[in-house]
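Here are the chains, one letter per residue:
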Amino acid sequence: MHTDTERCVRAVQSKDARFDGWFFTAVLTTRIYCRPSCPVVPPKPRNMVFYPSAAACQQAGFRACKRCRPDTSPGSPEWNARADAVARAMRLIRDGVVDREGVPGLAARLGYSTRQIERQLSAELGAGPLALARAQRAQTARVLIETTTLPFAEVAFAAGFSSVRTFNETVREVFAVAPGDLRARAARRAGPAHPASPGIIGLRLPYRTPLNPSNLFGHLAATAVPGVEEWREGAYRRTLRLPYGHGTVALSPAPDHIVCRLALTDHRDLTHAISRCRWLLDLDADPVAVDAQLRADPLLAPLVDAAPGRRVPRTVDAAEFAVRAVLGQQVSTAAARTHAARLVTAHGTPVDDPDGGLTHLFPAPEALAGLDPEGLALPRARRATLTTLVAALADGGLTLGPDSDWEEARARLLTLPGFGPWTVEAIAMRGLGDPDAFLPTDLGVRRAAERLGLPSTPAALTAKATAWRPWRAYAVQYLWATDSHPVNHLPA
């Protein structure tokens, strides 16, 4: 979008928050870059240039605006709606892969050379993987500076910097203030009435409005696995398995952001944890574009108008969701939770949670690879499905994650015994994040289709849903919402 100068100028002049994260405005006279919705008086069009990423702005010598804080914009919805190499690379960078594995590690995961990845990212985002990772490190550092009392040396290494000197130089260059000034300003904004809780990192996760929290948090709460997830005091809470350790998170909806409270055993996991939470709640979606497409169908339009902004409830770990999808085959939500809770109790890693009832991490595939099928309270065929799945995940024969090619993952899943279209599409929708995943055989979808006068047979409904592409996963959310099932209601 950043190449459409006229459209970008209109968005800046109208301070349209829908375009935050789509592009960034750099002002030639002040050498500052902003988000489109910046509250200051818009600069003259001749003084504006537009970039596709904050990293490209920083690489061109612009510093972040102190008013609108463009580094905290929602991510571009393109990276969640596409499955090409650039989108997959951006999802991995957002998860902190470059900090942990370097550019060679990023390229290896995608099956490209480092030169190819650098060329593709530079062509589309105006910056290579190192510059994009540096911009993300700067934002992570800012979060730690403003929300914790960690010494700056610890902040530097937790954010992924190789030295304190590089950390200081980057913060000064990107934000035009020293780390100490950032912390002092944050303390003044918080005031004495809002002291930071020891060990807790408090964040505001932005999103594009509208956002309907009912099905999003309702689904997560209604399907919560005891010990791993819970709904407590108006927040969805769960444990997180992270690259350097583990953590717990509490997420609750607010009118213009999601309140996020993280407790981590290793602060180096902050970037990954934030990325997983945003992915879980589908916070980088563009609901205006999605709803406009679905509203064009006169049978869906009343559902969209009644409760716009529905998101797709996802997962923090695609492998975990795949296991849970198998456990949930042809059983009720309550039965699926029971089966998952038994696995967690027997094979999950215990954790401490002084603030609630979280007791375990969901077991990793490696921990489940040695399962005794006879010890599972499941039909024999489903035992074989589960053990085959965890063996494929544990030995690397099947990888499910932000770097997955969606069609390749579907094809690989379909080769496993017991995997039919419903299970594969459920994993594609909630585990892999494909916005066009569709469940025409799902009972809830078929019941909704009958109520609305849509075709109810899978083949006919799939043909009808062609007009909803590429947002069929969101259409599923609106169809499910016609039922009174607890997944559609925000818990009390």
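Everything here concerns the structure above.
All figures in this text were calculated on a predicted structure; none of them were measured in a lab.

### Points about the sheet that holds strand β4 (residues 63-64)
Within the open sheet, the four strands sit side by side as β3-β1-β2-β4. Their pairing is mixed. Each edge of the open sheet carries a strand with a single partner, namely β3 (48-51) and β4. Bridge count for strand β1 (residues 24-27) against β3 is four bridges, and the pairing is antiparallel. Paired with valine 27 across the bridge in β3 is methionine 48. Here helix α1 (residues 5-13) sits on the sheet and contacts β1 and β3; the angle it forms with β3, its principal contact strand, is near 105 degrees.

### Side note on helix α4 (residues 85-94)
Working note: α-helix, 3.6 residues per turn, so residues spaced by three or four point in the same direction. For α4, the buried fraction is high: 10 of the 10 residues fall into the buried class. Here α4 has its buried residues at Ala85, Val86, Ala87, Arg88, Ala89, Met90, Arg91, Leu92, Ile93 and Arg94. For α4, the elements touching its buried residues are α3 (78-81), α5 (97-110), α6 (114-125), α7 (129-147), α12 (270-280) and α19 (406-414). A positive phi of about 85 degrees marks glycine 96, the residue just after α4.

### Some details on the environment of leucine 110
Looking at the secondary structure, you find leucine 110 in helix α5. Measuring from C-alpha to C-alpha, the distance between leucine 110 and arginine 88 comes to 7.6 Å, with 22 residues separating the pair along the chain. Not counting chain neighbours up to four residues away, the residues in contact with leucine 110 comprise Ala85, Arg88, Ala89, Leu92, Ile117 and Asp403.

### Concerning the pattern of salt bridges
A full pass over the atoms with the stated rule returns 35 salt bridges. Across the pair arginine 82 and glutamate 78 runs a salt bridge, and its minimum N-O distance is 3.0 Å. Given a relative accessible area of 18%, arginine 82 falls into the buried group. Judged by relative accessible area, which is 25%, glutamate 78 ranks as partly exposed. Note that arginine 410 and glutamate 407 form a salt bridge whose closest N and O atoms lie 3.0 Å from each other. Separated by three residues within a single helix, arginine 410 and glutamate 407 lie in helix α19, roughly one turn from each other.

Rules used in this analysis
- Residues numbered from 1 in each chain as written.
- Predicted model: local features only at pLDDT ≥ 70, side-chain atom pairs only at ≥ 80, totals over all residues.
- Heavy atoms only, no water.
- Pairing = 2+ DSSP bridges.
- Helix = DSSP H or I, 4+ residues; strand = E, 2+ residues; numbered from the N terminus.
- Contact = heavy atoms within 4.5 Å.
- Axes fitted to C-alpha atoms, helices over the stretch in contact; angles between N-to-C directions.
- Buried < 20%, exposed > 50% of the residue type's maximum accessible area, 1.4 Å probe, protein only.
- Salt bridge = Lys/Arg side-chain N within 4 Å of Asp/Glu carboxyl O.

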